[in-house]
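Fold and contact review
Okay, here's what each chain looks like letter by letter:
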Amino acid sequence: MISLESSIIRFKDVSKKYSQDNIVFSGIDLEIEKGEFVFLTGPSGIGKSTMLRILFCAERPTSGEIWVDGVALSSLSNSQVPYLRRKIGVIFQDFKLLSNHTVFDNVALSLEVIGLGKKQAEKRVMQVLEGVGLTGKASRYPLQLSGGEQQRVAIARAVVNRPPIILADEPTGNLDLQRTEEAMMLMEELNARGATIIFATHDERLFEDTHRRVLRLLNGKIEIQ
Amino acid sequence: MILPTFYHRAFYDLRQDLCAQLITTMVVSLSILIFAFFTLLYFNLQHFVERFGTELGLTIFLTEDTPKDRILSLYQELTELPGVEKVTYISSKEAFGRLENFLKDEKEVLEGVDPEFLPPSFEIQINRAVFQLERIKQLAGEIDKWPEVSKVQFGQEWIDRLYVFSSLARIIVAIAGLLLLFTAAFVVTNTIKLTVYARQEELEIMRLVGATNIFIQGPFLVEAFLQGLLGSSLALGAVFACYRFLQGLEAKSELLRGVNICFIPWHYTVVIIASSVLLCVLGSALAMRRFLRL
């Protein structure tokens, strides 16, 4: 049982439906502890991405309440949402990189947004790029990199401003086995440094031997394994 | 501190996407060029009507028995009339001299004719600022009632035609100008919308990493500001070049001499530039509105 004080994410009776016939999930109660690494799984199209999108306020739940780092999402106005998003690093399957910006600029964007000074930002970006094994590729453009490298740029962008929460939405979906393992190791490293990670995937091989919690989304409900 | 960031990012984006930015600027420039050219035509037409109207003026013929000492007081009274800019007295002798000059080689026909047979007259020039057909008519009517005045001449037929023509031209120019302005506004805002849509993904990513609306919108607004400023300046520059070219033609051509082509008054050029900038900035802000929701 997780205590309320240590939970960084909390769902209380959360439902999301687009219409009466299209109910994504309902009555979800869930708590995720600070520093925890959880897998969110379920078949494709079941609502994993929707759950993550609700967490970073790209969508609102139909009913219920969600707390992220002690903040009730329903109390946030649109103008406050960017400040919440700075606490959350998001990684996507399709990387979502700016193709006309260099690797450095893609990663630096997260720091520019929070108004970090140029020198500090440069130092932090180079550190992070080194951490994800992309030293020497800072001036390249995303399309000049392999899929695995692009995913590492996306990871670097998500973590460069040191967010306490990382949401990964099928981050290994477009990677081969070797790149998937590399990406998983990076995620493990980030978690070891204290980040709370929700890793959404339909690939059961990624957590079949894990000791971590697995949240399975099925028929609009969460099963915890 | 946020403004330098906007400028830095705006110039970065301009460099990254120079071709699209230049196309937008050219569209802005062409739209404003058509409007500015039309404005130039409008001002020249107005200028011509004003000048032609005032040059017509009024000629007041006096009765032959008007005492000489009354002429000075009449001159004073005419000068004091509202809207009168200049009064010139033409004595009978001066009028005779003008007739002689007009006849040139055939002035012999005037031999033996009394140099004082023509009536003395006053020529009145109307103030350009208050030039109005109604005012001229009213003035002519008032003066005609004076006992010393035999006739007032002011080319009524010409002025009537000019008045109808200028009123009609003004209405046509105003409607066409308004339509052109709407067309320019439509083209400019839609072109900017297209550039914003083309960068939809970039906007989404910026929102994702926690950028505030002002942070996202700022550089776009700076870009739109620069596009509006550059586009309208280029358009006015082109219209000015066209004006100088016509001025050159005017100096060389007998036909155009005296047309006295004028440029758009400077405060109107400021209004055109400011409107263009405002149009681009508003177009950009409107186009971005849908991307700045949750």
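1. Some details on the overall build of chain A
- Of regular secondary structure, chain A possesses six helices and 10 strands.
- Buried positions account for 54% of the 225 residues belonging to chain A.
- Counting every atom, chain A has about 10,500 Å² of accessible surface; 48% of that belongs to carbon and sulfur.

2. Section: the sheet that holds strand β2 (residues 22-33) of chain A
Residues and elements named next belong to chain A.
- The antiparallel open sheet is built from four strands, whose spatial order is β2-β1-β4-β5. The open sheet terminates on both sides in strands that have one partner only, identified here as β2 and β5 (71-72).
- Here strand β4 (residues 63-68) pairs with β5 via two bridges, running antiparallel. The residue of β5 that forms the bridge with V68 is V71.
- Packing of helix α1 (residues 48-55) onto the sheet brings it into contact with β1 (7-19), β2 and β4, and relative to β1 it is tilted by some 120 degrees.

3. Re a nonpolar patch on the surface
Residue and element names in this part refer to chain B.
- A cluster of nonpolar side chains, L3, Y7 and F11, forms an exposed patch at the surface whose accessible area comes to about 280 Å².
- Looking at the secondary structure, you find L3 in helix α1 (residues 2-16).
- On the basis of relative accessibility, which here comes to 49%, the residue L3 falls in the partly exposed class.

4. Here's the deal with the sheet that holds strand β10 (residues 221-224) of chain A
Residue and element names in this part refer to chain A.
- Strand order across the open sheet formed by six strands is β6-β7-β8-β3-β9-β10, with mixed pairing between neighbours. Edge positions in the sheet fall to β6 (88-92) and β10, since each of these pairs with one other strand and no more. Each strand of the sheet is rotated relative to its neighbour by a mean of 20 degrees, with strand direction disregarded.

5. Section: empty space enclosed by the protein
- For the structure on display, the rule yields six cavities of 30 Å³ or more.
- As a volume, the second largest cavity reaches approximately 90 Å³.
- In this structure, the second largest cavity is lined by A:R85, A:R86, A:I88, A:G89, A:V90, A:S110, A:R157, A:A158, A:N161, B:L208 and B:V209.
- If you list the elements that add at least two residues to the lining of the second largest cavity, you get β6 and α5 (147-159) of chain A.
- If one sorts the elements of the lining of the second largest cavity by residue count, β6(A) sits on top with three residues.
- Classifying every residue of the lining of the second largest cavity gives five nonpolar, three polar and three charged.

6. Observations concerning the environment of A:G35
Residues and elements named next belong to chain A.
- As for its position among the elements, G35 is in the loop between β2 and β3 (37-41).
- The exposure class assigned to G35 is partly exposed, which follows from its relative accessible area of 32%.
- C-alpha of G35 to C-alpha of N191: the two residues are 156 residues apart in sequence and 6.5 Å apart in space.
- Residues contacting G35, with those up to four places away along its chain left out, are N191, G194, A195 and T196.

7. Description of the packing of aromatic side chains
Residues and elements named next belong to chain A.
- This structure, assessed with the given rule, holds 13 aromatic pairs over all chains.
- Judged by centre distance (5.2 Å) and plane angle (35 degrees), the ring pair of F37 and F39 falls under tilted. Just as F37 is buried, F39 falls in that class too.
- Between F37 and F199, the ring centres sit 6.1 Å apart and the planes meet at 25 degrees, which makes this aromatic pair stacked. Here the residue F37 occupies a position in strand β3, and F199 occupies one in strand β8 (residues 196-200), the gap between them amounting to 162 residues. F199 shares its class with F37; the two are buried.
- What links up through ring pairs into an aromatic cluster is the set F37, F39, F199 and F207.
- Positioned over the ring face of W67 is R10, at 4.7 Å from the centre of the ring.

8. Quick notes on the interface of chain A and chain B
- Listed as interface residues are 25 residues of chain A and, on the opposing side, 19 residues of chain B.
- Of all residues in chain A, the largest losses of buried area upon contact with chain B belong to A:R85, A:E112 and A:V113, amounting jointly to 26% of the total for that side.
- Between the two partners, chain A and chain B, sit zero salt bridges.
- At the surface where chain A touches chain B, the tally comes to two residue pairs in polar contact (both at pLDDT 80 or more).
- The element that contributes the greatest number of residues to the side of chain A that touches chain B is helix α3 (residues 103-113) of chain A, accounting for five residues.

9. Focus on the pairing of strand β3 (residues 121-126) of chain B
- Inspection of the sheet shows strand β1 (residues 58-62) of chain B paired to β3(B) by four bridges, in the antiparallel sense. Its bridge partner lying in β3(B), B:I60 is registered against B:F122.

10. Details of the pairing of β1(A)
Residues and elements named next belong to chain A.
- Examined bridge by bridge, β1 and β2 share eight bridges and lie antiparallel to one another. Within the sheet, the bridge partner assigned to R10 lies in β2 and is E31.
- From the end of β1 to the start of β2, which pair antiparallel, there are two residues.
- Where β1 and β4 come together, five bridges link them in antiparallel fashion. Residue K12 lies in a different strand from β4, and its bridge partner there is E65.

11. What about the layout of surface pockets?
- Computed from the structure, the largest pocket encloses a volume of approximately 730 Å³.
- Lining the largest pocket are 28 residues, with A:E112, A:L116, A:K118, B:T5 and B:H8 positioned closest to its centre.
- With eight residues, the single largest contributor to the lining of the largest pocket is α1(B).
- Grouping the amino acids of the lining of the largest pocket by side-chain chemistry returns 15 nonpolar, five polar and eight charged.
- For the second largest pocket, the calculated volume is near 400 Å³.

12. What about unusual backbone geometry?
Residue and element names in this part refer to chain A.
- The backbone of F95 shows a phi angle near 65 degrees, a positive value even though the residue is not glycine.
- Here F95 lies in the loop between β6 and α3.
- What makes F95 buried here is its relative accessible area of 10%.
- Not every positive phi belongs to a glycine, and K96 is a case in point at roughly 50 degrees.
- Residue placement: K96 occurs in the loop between β6 and α3.

Definitions and limits used
By convention here, each chain's residues receive numbers from 1 onward along its written sequence. Here every chain gets a letter starting at A, and every ligand a number starting at 1, in the order they are written. In view of the model being predicted, local features appear only for residues whose pLDDT reaches at least 70, and side-chain atom pairs are presented and counted only at 80 or more, with totals across whole chains, interfaces and linings using the full set of residues. As a convention, hydrogens and water are excluded, and side-chain values are obtained from all of the structure's heavy atoms. Strands are runs of DSSP state E lasting at least 2 residues, helices are runs of H or I lasting at least 4, and numbering of each runs from the N terminus. The classification of residues rests on relative accessible area computed with a 1.4 Å probe and restricted to protein chains. Under 20% of the type maximum is buried, over 50% is exposed, and intermediate values are partly exposed. Where accessible areas are quoted, they stem from the Shrake-Rupley method and a 1.4 Å probe; at the residue level, only the protein chains shown are allowed to cover. Paired strands, in this sense, are two strands between which DSSP finds at least two bridges. Any two residues having at least one pair of non-hydrogen atoms within 4.5 Å are treated as being in contact. To obtain each axis, a line is fitted to C-alpha atoms, and for helices this fit is confined to the stretch in contact; angles are then taken between N-to-C directions over 0 to 180 degrees. Without a salt bridge and with relative accessible area above 30%, a residue can belong to a patch; like charges are then joined within 9 Å and nonpolar side chains (Val, Leu, Ile, Met, Phe, Trp, Tyr) within 5 Å. Each salt bridge in this description consists of a side-chain nitrogen of Lys or Arg and a carboxyl oxygen of Asp or Glu lying within 4 Å of one another. Here a cavity means grid points, on a 1 Å grid over the protein atoms only, where a 1.4 Å probe fits yet cannot get out; a pocket means an open set of points with protein on both sides within 12 Å along at least five of seven lines; lining residues are those with an atom within 4 Å of a point. Grid points are joined across faces, edges and corners, and a volume is the space filled by probe spheres set on the points. Each residue gets one of three labels, nonpolar for Ala, Val, Leu, Ile, Met, Phe, Trp, Tyr, Cys and Pro, charged for Asp, Glu, Lys and Arg, and polar for the others, Gly among them. Centres within 6.5 Å make a pair out of two Phe, Tyr or Trp rings, where for Trp the six-membered ring is used; the pair is then stacked when the planes are under 30 degrees apart, edge-to-face when over 60, and tilted otherwise. Whether a charge sits over a ring comes down to the Lys NZ or Arg CZ being within 6 Å of the ring centre and within 35 degrees of the ring normal. Summed over both partners, the accessible area (1.4 Å probe) lost when two parts come together is defined as the buried area. Nitrogen and oxygen atoms within 3.5 Å of one another constitute a polar contact, given that in protein one can donate a hydrogen and the other can accept it, and given that sequence-neighbouring residues count only through two side-chain atoms.

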